[in-house]
Amino acid sequence: MRIWRILSAWVPVAVAVSVIATESTAKFGAQHTSHAMRPWFEGLFGHVSNGMWWLIHHTFRKSGHFCGYGGVALTFLRAWLMMIGGWGRCFVLGVGCCVVVASLDEWHQTFVPGRTGTGWDVLLDGVGGVVACGLAWVVFGRRRVG
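Residues numbered from 1 in each chain as written. Predicted model: local features only at pLDDT ≥ 70, side-chain atom pairs only at ≥ 80, totals over all residues. Heavy atoms only, no water.

> What is the right way to look at the overall build of the protein chain in this model?
Regarding its fold elements, the protein chain presents 5 helices and 0 strands. Secondary structure elements in the protein chain, listed N-terminal to C-terminal, are α-α-α-α-α. Partitioning the intrachain contacts of the protein chain with sequence separation of at least 6 by distance along the chain shows that 65% fall at a separation of at least 24. Total accessible area computed for the protein chain in this model is approximately 9100 Å², and 72% of it derives from carbon and sulfur atoms. Each charge class in the protein chain can be summarised by its mean position, and for the 12 positive and 6 negative side chains these summaries are 16 Å apart. (Helix = DSSP H or I, 4+ residues; strand = E, 2+ residues; numbered from the N terminus. Contact = heavy atoms within 4.5 Å. Areas by Shrake-Rupley, 256 points an atom, 1.4 Å probe, with all protein chains shown as cover. Lys, Arg positive; Asp, Glu negative; His and termini not counted. Charge placed at Lys NZ, Arg CZ, Asp CG, Glu CD.)

Here you go:
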(Lines give C-alpha, C1' and ligand atoms only; values in the text may rest on other atoms or scores of the structure.)
Protein backbone atom coordinates (compact mmCIF):
# COMPACT_ATOMS: atom_id res chain seq x y z
CA MET A 1 0.00 0.00 0.00
CA ARG A 2 2.90 2.39 0.70
CA ILE A 3 4.11 2.21 -2.92
CA TRP A 4 0.71 3.42 -4.17
CA ARG A 5 0.87 6.37 -1.79
CA ILE A 6 4.34 7.27 -3.04
CA LEU A 7 3.28 6.95 -6.67
CA SER A 8 0.12 8.96 -6.00
CA ALA A 9 2.23 11.70 -4.45
CA TRP A 10 5.08 11.89 -6.96
CA VAL A 11 3.67 10.93 -10.37
CA PRO A 12 1.88 14.31 -10.69
CA VAL A 13 5.19 16.01 -9.88
CA ALA A 14 6.94 13.98 -12.59
CA VAL A 15 4.22 14.90 -15.09
CA ALA A 16 4.43 18.61 -14.20
CA VAL A 17 8.23 18.66 -14.47
CA SER A 18 8.00 16.75 -17.78
CA VAL A 19 5.67 19.42 -19.16
CA ILE A 20 8.17 22.10 -18.11
CA ALA A 21 11.02 20.17 -19.75
CA THR A 22 9.02 19.84 -22.97
CA GLU A 23 8.20 23.56 -22.99
CA SER A 24 11.90 24.33 -22.51
CA THR A 25 12.76 23.13 -26.03
CA ALA A 26 13.35 25.30 -29.09
CA LYS A 27 9.89 24.35 -30.40
CA PHE A 28 8.32 26.41 -27.60
CA GLY A 29 10.54 29.47 -28.06
CA ALA A 30 8.93 32.87 -28.50
CA GLN A 31 9.33 32.82 -32.29
CA HIS A 32 7.42 29.56 -32.62
CA THR A 33 4.67 30.37 -30.15
CA SER A 34 4.16 33.80 -31.68
CA HIS A 35 3.57 32.35 -35.15
CA ALA A 36 1.17 29.76 -33.74
CA MET A 37 -0.79 32.11 -31.45
CA ARG A 38 -1.14 35.25 -33.56
CA PRO A 39 -3.59 33.89 -36.18
CA TRP A 40 -5.72 32.40 -33.41
CA PHE A 41 -5.70 35.66 -31.44
CA GLU A 42 -6.45 37.83 -34.47
CA GLY A 43 -9.21 35.46 -35.54
CA LEU A 44 -10.92 36.11 -32.22
CA PHE A 45 -10.12 39.80 -31.64
CA GLY A 46 -9.15 41.27 -35.00
CA HIS A 47 -5.87 42.54 -36.39
CA VAL A 48 -3.28 44.04 -34.04
CA SER A 49 -0.10 45.92 -34.91
CA ASN A 50 3.26 44.19 -34.59
CA GLY A 51 4.12 46.27 -31.53
CA MET A 52 0.84 45.48 -29.84
CA TRP A 53 1.21 41.80 -30.73
CA TRP A 54 4.66 41.75 -29.13
CA LEU A 55 3.17 43.10 -25.88
CA ILE A 56 0.23 40.66 -25.95
CA HIS A 57 2.45 37.68 -26.75
CA HIS A 58 4.98 38.66 -24.08
CA THR A 59 2.16 38.96 -21.52
CA PHE A 60 0.79 35.53 -22.48
CA ARG A 61 4.22 33.95 -22.14
CA LYS A 62 4.98 35.55 -18.77
CA SER A 63 1.50 34.65 -17.51
CA GLY A 64 2.29 31.10 -18.57
CA HIS A 65 5.42 31.18 -16.43
CA PHE A 66 3.50 32.45 -13.42
CA CYS A 67 0.60 30.00 -13.74
CA GLY A 68 2.64 27.04 -14.95
CA TYR A 69 5.11 27.20 -12.12
CA GLY A 70 2.25 27.83 -9.71
CA GLY A 71 0.95 24.45 -10.83
CA VAL A 72 4.39 22.87 -10.44
CA ALA A 73 4.63 24.24 -6.90
CA LEU A 74 1.18 22.85 -6.10
CA THR A 75 2.17 19.37 -7.23
CA PHE A 76 5.27 19.54 -5.02
CA LEU A 77 3.23 20.93 -2.11
CA ARG A 78 0.71 18.09 -2.44
CA ALA A 79 3.45 15.47 -2.61
CA TRP A 80 5.21 16.82 0.47
CA LEU A 81 1.93 17.06 2.39
CA MET A 82 1.23 13.42 1.55
CA MET A 83 4.73 12.33 2.56
CA ILE A 84 5.57 14.37 5.66
CA GLY A 85 2.62 16.66 6.45
CA GLY A 86 2.75 20.06 8.10
CA TRP A 87 1.78 23.08 6.06
CA GLY A 88 4.70 25.31 7.02
CA ARG A 89 7.53 23.02 6.04
CA CYS A 90 5.63 21.63 3.04
CA PHE A 91 4.97 25.17 1.81
CA VAL A 92 8.70 25.92 1.95
CA LEU A 93 9.59 22.61 0.31
CA GLY A 94 6.97 23.05 -2.42
CA VAL A 95 8.11 26.55 -3.32
CA GLY A 96 11.77 25.60 -2.94
CA CYS A 97 11.41 22.65 -5.31
CA CYS A 98 9.56 24.91 -7.75
CA VAL A 99 12.44 27.40 -7.71
CA VAL A 100 15.00 24.62 -8.22
CA VAL A 101 13.08 23.35 -11.26
CA ALA A 102 12.75 26.93 -12.59
CA SER A 103 16.47 27.53 -12.12
CA LEU A 104 17.40 24.31 -13.90
CA ASP A 105 14.94 25.12 -16.68
CA GLU A 106 16.38 28.59 -17.25
CA TRP A 107 19.94 27.24 -17.12
CA HIS A 108 18.99 24.57 -19.68
CA GLN A 109 17.52 27.24 -21.97
CA THR A 110 20.91 29.00 -22.16
CA PHE A 111 22.10 25.99 -24.21
CA VAL A 112 19.05 25.81 -26.52
CA PRO A 113 19.25 27.75 -29.81
CA GLY A 114 16.62 30.49 -29.93
CA ARG A 115 16.02 30.39 -26.16
CA THR A 116 17.41 32.52 -23.36
CA GLY A 117 17.63 31.82 -19.67
CA THR A 118 17.05 34.64 -17.25
CA GLY A 119 16.96 35.06 -13.51
CA TRP A 120 13.90 37.30 -13.90
CA ASP A 121 11.91 34.31 -15.13
CA VAL A 122 13.08 32.29 -12.11
CA LEU A 123 11.84 35.11 -9.88
CA LEU A 124 8.50 35.21 -11.70
CA ASP A 125 8.21 31.41 -11.46
CA GLY A 126 8.97 31.51 -7.73
CA VAL A 127 6.36 34.21 -7.15
CA GLY A 128 3.84 32.08 -9.04
CA GLY A 129 4.72 29.20 -6.72
CA VAL A 130 4.35 31.31 -3.60
CA VAL A 131 0.97 32.68 -4.73
CA ALA A 132 -0.39 29.24 -5.71
CA CYS A 133 0.78 27.58 -2.48
CA GLY A 134 -0.49 30.54 -0.47
CA LEU A 135 -3.91 30.23 -2.06
CA ALA A 136 -3.89 26.50 -1.37
CA TRP A 137 -3.12 27.21 2.28
CA VAL A 138 -5.94 29.78 2.48
CA VAL A 139 -8.43 27.38 0.91
CA PHE A 140 -7.34 24.08 2.45
CA GLY A 141 -4.72 24.62 5.12
CA ARG A 142 -6.63 26.73 7.60
CA ARG A 143 -9.49 24.25 8.00
CA ARG A 144 -9.67 22.67 11.38
CA VAL A 145 -9.89 18.93 11.48
CA GLY A 146 -12.37 17.39 13.92
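> Please clarify how the pattern of salt bridges should be interpreted in this entry.
A side chain of one charge can pair with a side chain of the opposite charge if their charged atoms are brought near each other. Per the counting criterion, the structure on display carries 2 salt bridges. Residue Arg38 is joined to Glu42 by a salt bridge in which the shortest nitrogen-to-oxygen separation is 3.0 Å. Highlighted residues: Arg38 and Glu42, both in helix H2 (residues 30–45), separated by 4 residues, approximately one helical turn. On the basis of relative accessible area, Arg38 is assigned to the buried category, the value being 16%. (Salt bridge = Lys/Arg side-chain N within 4 Å of Asp/Glu carboxyl O. Buried < 20%, exposed > 50% of the residue type's maximum accessible area, 1.4 Å probe, protein only.)

> I'm lost on the environment of Gly46 in this one. Help?
The residue Gly46 is located in the loop between H2 and helix H3 (50–83) in this model. For Gly46, a relative accessible area of 26% puts it in the partly exposed group. Between the alpha carbons of Gly46 and Cys90 there is a distance of 45 Å; along the sequence they are 44 residues apart.

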